[in-house]
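This is what each chain is made of:
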Amino acid sequence: MKRIITISRELGSGGRTIGKLVANRRGIPYYDRELIDEAAKVSGLSPRYVETNEQKATGSFLYNLVMGTSYGYGILQGANRQTLPLTEQIYAAQQEVITKYANSGSCVIVGRCADHILKGRNDVLRVFIYADIEKRLEHSVKTYGMSKDTAREEIEQSDRERARHYSAFTDRKWGDRHNYDIMLNSGELGYDQCAKIICSIAETDM
């Protein structure tokens, strides 16, 4: 049985909704925005700053070399957080919080490279939720009240930022099937069916 479920998702794919459905059905905690507040406490930065900058990365080639070519979990975990650039301080704080939540018991964790941070654990189910662009636009317009043009701009920007952030801190490609246990097309399956599939797999010995 998988105690911890990490959900990575494309903007507009309904990943948050699916994560909440899974958490409710399994009767376990759901962590999303809570990670922002907790990371702010750990880092000493404001929640607003953490929220605004958590998906950014310095991209400093020289800094990568100094730290060992990658912002990987072990490297940041062992670093003096206060010597890191602010964006990396946020990531290091989120690592600490995500690991604490995972060690505390069953839960659903959305985003924040949790699939990578918790790699190597056999009690984690790593999920990626995606959908075609029209479904994502429809969700964004309905959920956030955006115009279709604005929604498209937000989705394209989000995809770029999440891909850069994931690559910078994990040295992996965001959305690559090799990084996840299951990938679900929420546009075709629907949110409820995605949640049922996740719960079914999580409850099976693997």
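Quick notes on the rules
- Residues numbered from 1 in each chain as written.
- Predicted model: local features only at pLDDT ≥ 70, side-chain atom pairs only at ≥ 80, totals over all residues.
- Heavy atoms only, no water.
- Helix = DSSP H or I, 4+ residues; strand = E, 2+ residues; numbered from the N terminus.
- Buried < 20%, exposed > 50% of the residue type's maximum accessible area, 1.4 Å probe, protein only.
- Contact = heavy atoms within 4.5 Å.
- Areas by Shrake-Rupley, 256 points an atom, 1.4 Å probe, with all protein chains shown as cover.
- pLDDT = per-residue confidence, 0-100.
- Pairing = 2+ DSSP bridges.
- Axes fitted to C-alpha atoms, helices over the stretch in contact; angles between N-to-C directions.

Participant: Explain the overall build of the protein to me, using residue names and the numbers behind them.
Facilitator: Scanning the protein for helices and strands turns up 11 helices and five strands. Taking all 206 residues of the protein together, 50% fall into the buried category. Across the protein, every contact between residues at least 6 apart in sequence was considered, and the portion connecting residues at least 24 apart equals 68%. Total accessible area on the protein is roughly 10,100 Å²; 48% of this is exposed by carbon and sulfur atoms.

Participant: For the confidence of the model for the protein, give the residues involved together with the corresponding values.
Facilitator: Residues at a pLDDT of 70 or more form 85% of the protein, whose mean pLDDT is 87. Low confidence marks residues 59-79, where pLDDT is under 50. Its contacts with residues over four positions away, or in another chain, come to 35 contacts.

Participant: So what's going on with the environment of Y180? Residues and values would help.
Facilitator: Assignment of secondary structure puts Y180 in the loop between α9 (148-170) and β5 (182-185). Through-space distance from the C-alpha of Y180 to that of F128 is 6.5 Å; in sequence the pair is 52 residues apart.

Participant: Any chance you could break down the sheet that holds strand β2 (residues 30-31) for me, citing the residues and the numbers?
Facilitator: Sheet strands line up and pair through hydrogen bonds in the backbone, either parallel or antiparallel. Taken together, the five strands give an open sheet; going across it, the order is β2-β3-β1-β4-β5, and neighbouring strands pair in parallel fashion. Sheet topology places β2 and β5 at the edges, where each strand pairs with a single neighbour. Inspection of the sheet shows β2 paired to strand β3 (residues 107-110) by two bridges, in the parallel sense. Across the sheet, Y31 pairs through a bridge with I109, a residue of β3. Contacting β1 (4-9), β2, β3 and β4 (124-130), helix α1 (residues 15-26) crosses the sheet at an angle of about 165° to β1. Packing against the sheet, helix α11 (residues 191-202) makes contact with β1, β4 and β5, and its axis sits at approximately 165° to β5.

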